[in-house]
Amino acid sequence: MNLKFVLCFTSLLLSIGITTTDAARTTFTITNDRRILLGNGLGRTPQMGWNNYNHFGCNVDEKLIMETADAMVSTGLAAVGYEYVNMDDCWAELDRDSEGNLVPKAKAFPSGIKALADYVHNIGLKLGIYVDAGTVTCSKEMPGSLGHEEQDAKTFASWGIDYLKYDNCNSHGLIPQNRYPKMEIALQNSGRPIFYSICQWQNDPATWAHKVGNSWRTTDDIKDNWDSMTSGADENDIWAAYAKPGAWNDPDMLEVGNGGMTTEEYRSHFSIWALAKAPLLIGCDIRSMSNETYEILSNKEVIDINQDTLGVQGIKVRKNGDLEVWAGPLADDKVAVILWNRGNSTSQITANWTDIGLNSTTIVDARDLWAHTTQKSIKGHISATVISHACKMYVLTPQ
Ligand code: GLA
């Protein structure tokens, strides 16, 4: 399958809508608007990194950020692509200073944010920060940037910040389409390239945010359980056509390693996020993660699907009850496929070439990305027996 083939189906898919039924979705799509209007050149592949919120909530301080950055390097996670170390809500005092500047909490950040950014940069990583497009953030512990966009973006740039997560609480009914572009312009004027992560999932942000930010949320906050993770995957899938290099759908941060799901469920979570070109933002405590957690988060073959240069979001192409096939095209005419068993009993799942955009006569080599084995010269379909809540993930390379 070549790029031309994919492109020619774009308008068809957009016109039939993207719904998931027991019938197969005919093929994948890439958006017909490949222009990046946010001119920061960032996020050509989905962002990879870590954020404190899923595991630590409001408990963020410089010690945690520095130790996490160190662990990112010492464990080898940085070497497989994780680069942003992001702090979430609650890092600032509730009151701005006399000149209206944001002030980090003195107890939590005694060295200041600039020193923290220097520390993170010195070990080869990047530092992210959080603020809100309303008057106060979601925790109500710190101010929002509404009306202070230019000033705050300049402050972030002066500290050496590389990434902004911009949330949507306490916005007093002002529509996001007015508030988010203000911060986009402020970041552009700040003098520093800053990745712009839009944290807003109401008002169908995919339809407008792909021209404003590098990513936008497609779901409410993920929880560390199977139902939340699977429903997030489905909600995110609807917006696949809007994803493109520089602008990605974001079904929220990873829960892998936080303890609420089984190893197979976490493997499915990571596989689907990778295929869907979702941000891979680790949400556990990497300073004390288990070997199993590390084995999932550091699977370079799965990460390579997420970071593939074609930048097309993989989608659910077939659903038969709880048995699903997800797939997406990759660079060099390769195809990524996931056989996902969302049911309660072990079952056989099959992906037919015609469901995943391959010509029915194509012969492929199939690389199993979790078993790290290759099946040679396969024709027509790939099948596997998959245990409950597990998945198989392959890259198919036409011969
Ligand atoms: C919202 C966001 C979360 C997190 C919290 C912080 O709920 O969606 O990801 O940033 O705010 O309060």
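Whatever comes next refers back to the structure up there.
Structural notes, computed from the coordinates. Since the model is a prediction, treat every value here as computed from it, not as a measurement. (Residues numbered from 1 in each chain as written. Predicted model: local features only at pLDDT ≥ 70, side-chain atom pairs only at ≥ 80, totals over all residues. Heavy atoms only, no water.)

**Here's the deal with the overall build of the protein chain**
For step 1, the next point in the chain: Scanning the protein chain from terminus to terminus reveals twelve helices and 16 strands.
For step 2, the next point in the chain: A burial count over the protein chain gives 58% of its 399 residues as buried.
For step 3, the next point in the chain: With an accessible surface of roughly 15100 Å², the protein chain has 50% of that area assigned to carbon and sulfur atoms. (Helix = DSSP H or I, 4+ residues; strand = E, 2+ residues; numbered from the N terminus. Buried < 20%, exposed > 50% of the residue type's maximum accessible area, 1.4 Å probe, protein only. Areas by Shrake-Rupley, 256 points an atom, 1.4 Å probe, with all protein chains shown as cover.)

**Here's the deal with the packing of aromatic side chains**
For step 1, the next point in the chain: If you walk through the whole model with that rule in mind, you get 13 aromatic pairs.
For step 2, the next point in the chain: Ring centres 6.2 Å apart and planes at 50 degrees place the aromatic pair Phe 156 and Trp 159 in the tilted group. Of the two residues, Phe 156 and Trp 159 are both situated in helix H6 (residues 149–159); the distance of three residues between them amounts to about one turn of the helix. Both residues of the pair, Phe 156 and Trp 159, count as buried.
For step 3, the next point in the chain: Through pairs of rings, three or more aromatic residues link up here, namely Tyr 166, Tyr 180, Tyr 196 and Trp 208.
For step 4, the next point in the chain: When the ring centre of Trp 370 is taken as origin, the NZ or CZ atom of Arg 267, which lies over that ring, is 5.4 Å away.
For step 5, the next point in the chain: Arg 342 extends its terminal NZ or CZ atom over the ring of Trp 340, reaching a point 4.8 Å from the ring centre. (Phe/Tyr/Trp six-rings, centres within 6.5 Å; stacked < 30°, edge-to-face > 60°. Lys NZ or Arg CZ within 6 Å of the ring centre and 35° of its normal.)

**Let's talk about the state of the cysteines**
Cysteine pairs can be covalently joined through their sulfur atoms, and such a bond is termed a disulfide.
For step 1, the next point in the chain: In the structure shown here, the tally under the stated rule is two disulfides.
For step 2, the next point in the chain: Note that Cys 58 is cross-linked by a disulfide to Cys 90, the S-S spacing being 1.6 Å. Handedness here is read from the sign of the S-S torsion; for Cys 58 and Cys 90, about -40 degrees, the answer is left-handed. Residue Cys 58 is found in the loop between helix H3 (53–56) and helix H4 (62–74), and its partner Cys 90 is found in the loop between strand E2 (84–86) and helix H5 (113–122); the two are separated by 32 residues along the sequence.
For step 3, the next point in the chain: In this structure Cys 90 comes out as buried when scored by relative accessible area, which is 1%.
For step 4, the next point in the chain: Covalent S-S linkage joins Cys 138 and Cys 169, the inter-sulfur distance amounting to 2.0 Å. (Disulfide = S-S within 2.5 Å.)

**Notes on the packing of helix H9 (residues 226–237) against helix H10 (residues 263–275)**
For step 1, the next point in the chain: Where H9 contacts H10, the two axes come as close as 11 Å, and the packing angle between them is 20 degrees. Of the possible angle classes, the one that applies to H9 and H10 is roughly parallel. The chirality of how H9 crosses H10 is left-handed. Taken together, the residues of H10 that come into contact with H9 (itself represented by Trp 226, Met 229, Gly 232 and Ala 233) are Glu 265, His 269, Ile 272 and Trp 273.
For step 2, the next point in the chain: Residues of the contact of H9 with H10, tallied by class, amount to five nonpolar, two polar and one charged. (Axes fitted to C-alpha atoms, helices over the stretch in contact; angles between N-to-C directions. Parallel < 35°, antiparallel > 145°, perpendicular 65-115°, else oblique. Left-handed = near helix turned anticlockwise from the far one by under 90°. Contact = heavy atoms within 4.5 Å. Nonpolar A, V, L, I, M, F, W, Y, C, P; charged D, E, K, R; others polar.)

**Quick look at the sheet that holds strand E8 (residues 280–282)**
For step 1, the next point in the chain: Taken in spatial order, the eight strands make up an open sheet running E7-E6-E5-E4-E3-E2-E1-E8, and their pairing is parallel. A strand with exactly one partner marks an edge of an open sheet, and here the two such strands are strand E7 (248–250) and E8. Adjacent strand axes in the sheet meet at a mean angle of 25 degrees when their direction is disregarded.
For step 2, the next point in the chain: Sheet topology places strand E4 (residues 163–167) next to strand E5 (residues 195–198); four bridges connect them, and they run parallel. What sits directly across from Leu 164, in E5, is Tyr 196. (Pairing = 2+ DSSP bridges.)

**A short note on the nonpolar core**
For step 1, the next point in the chain: Of all hydrophobic cores here, the largest spans 85 residues; its most connected members are Tyr 82, Met 87, Trp 91, Phe 156, Leu 164, Phe 270 and Leu 297.
For step 2, the next point in the chain: Of all the elements, H10 adds the most residues to this core, at six residues.
For step 3, the next point in the chain: What Leu 164 contacts, discounting residues up to four positions off in sequence, is Ile 129, Tyr 130, Val 131, Phe 156, Met 183, Leu 187, Ile 194, Phe 195, Tyr 196 and Ser 197.
For step 4, the next point in the chain: Ile 349, Ala 351, Leu 358 and Val 364 belong to the second largest nonpolar core, which has 22 residues in total. (Core = buried A, V, L, I, M, F, W, Y, C linked by side-chain atoms within 4.5 Å.)

**As for the site of the ligand**
For step 1, the next point in the chain: Near the ligand, the surroundings consist of Tyr 53, Asp 88, Asp 89, Tyr 130, Cys 138, Ser 139, Lys 165, Asp 167, Cys 199, Trp 201, Arg 217 and Asp 221.
For step 2, the next point in the chain: Between the ligand and Asp 89, the relevant distance is 2.7 Å, taken from an oxygen atom to a side-chain nitrogen or oxygen of the residue.
For step 3, the next point in the chain: A distance of 2.5 Å separates an oxygen atom of the ligand from a polar atom in the side chain of Asp 221.
For step 4, the next point in the chain: Starting from 310 Å² of accessible surface for the ligand in isolation, the protein chains cover 93%. (Near = heavy atom within 4 Å. Polar contact = N/O pair within 3.5 Å; in protein donor to acceptor, adjacent residues only side chain to side chain.)

**Notes on the sheet that holds strand E9 (residues 315–320)**
For step 1, the next point in the chain: Spatially, E9-E10-E11-E16-E13-E14 is the arrangement adopted by the six strands of the open sheet, whose pairing is antiparallel. Edge positions in the open sheet fall to E9 and strand E14 (373–379), since each of these has one partner strand only. Between one strand and the next, the sheet's axes are offset by a mean angle of 25 degrees, whatever the strand orientation.
For step 2, the next point in the chain: In the sheet, strand E13 (residues 363–368) pairs with E14 via five bridges, with the strands oriented antiparallel. Each bridged residue has a counterpart across the sheet, and for Val 364 the counterpart in E14 is Ile 378.
For step 3, the next point in the chain: Lying over the sheet, H9 contacts E9, strand E10 (323–329) and strand E11 (335–341), oriented at roughly 140 degrees with respect to E11.
For step 4, the next point in the chain: Across the sheet, H10 touches E9, E10, E11 and strand E16 (391–398), and the angle it forms with E11 is around 145 degrees.

**Section: H6**
For step 1, the next point in the chain: Restricting attention to buried positions, one finds in H6 the residues Glu 149, Asp 152, Ala 153, Thr 155, Phe 156, Ala 157 and Trp 159.
For step 2, the next point in the chain: Check the buried side of H6 and you find it contacts H5, strand E3 (126–132), E4 and helix H7 (176–188).

**Details of the environment of Asn 299**
For step 1, the next point in the chain: Mapped onto the fold, Asn 299 is located in the loop between helix H11 (291–297) and helix H12 (300–306).
For step 2, the next point in the chain: Considering only alpha carbons, one finds Asn 299 and Leu 280, 19 residues apart in sequence, at a separation of 12 Å.

**Looking at the packing of H6 against H7**
Between two packed helices, both the angle of their axes relative to each other and the distance between the axes serve to describe the pair.
For step 1, the next point in the chain: Following both chains from N to C, one finds H6 and H7 inclined at 40 degrees, their axes separated by 8 Å at the closest point. In terms of their interaxial angle, H6 and H7 are classed as oblique. Crossing handedness for the pair H6 and H7: right-handed. Facing Glu 149, Glu 150 and Ala 153 of H6, the residues of H7 in contact are Lys 182, Met 183, Ile 185, Ala 186 and Leu 187.
For step 2, the next point in the chain: Among the residues forming the contact of H6 with H7, the class breakdown is five nonpolar, no polar and three charged.

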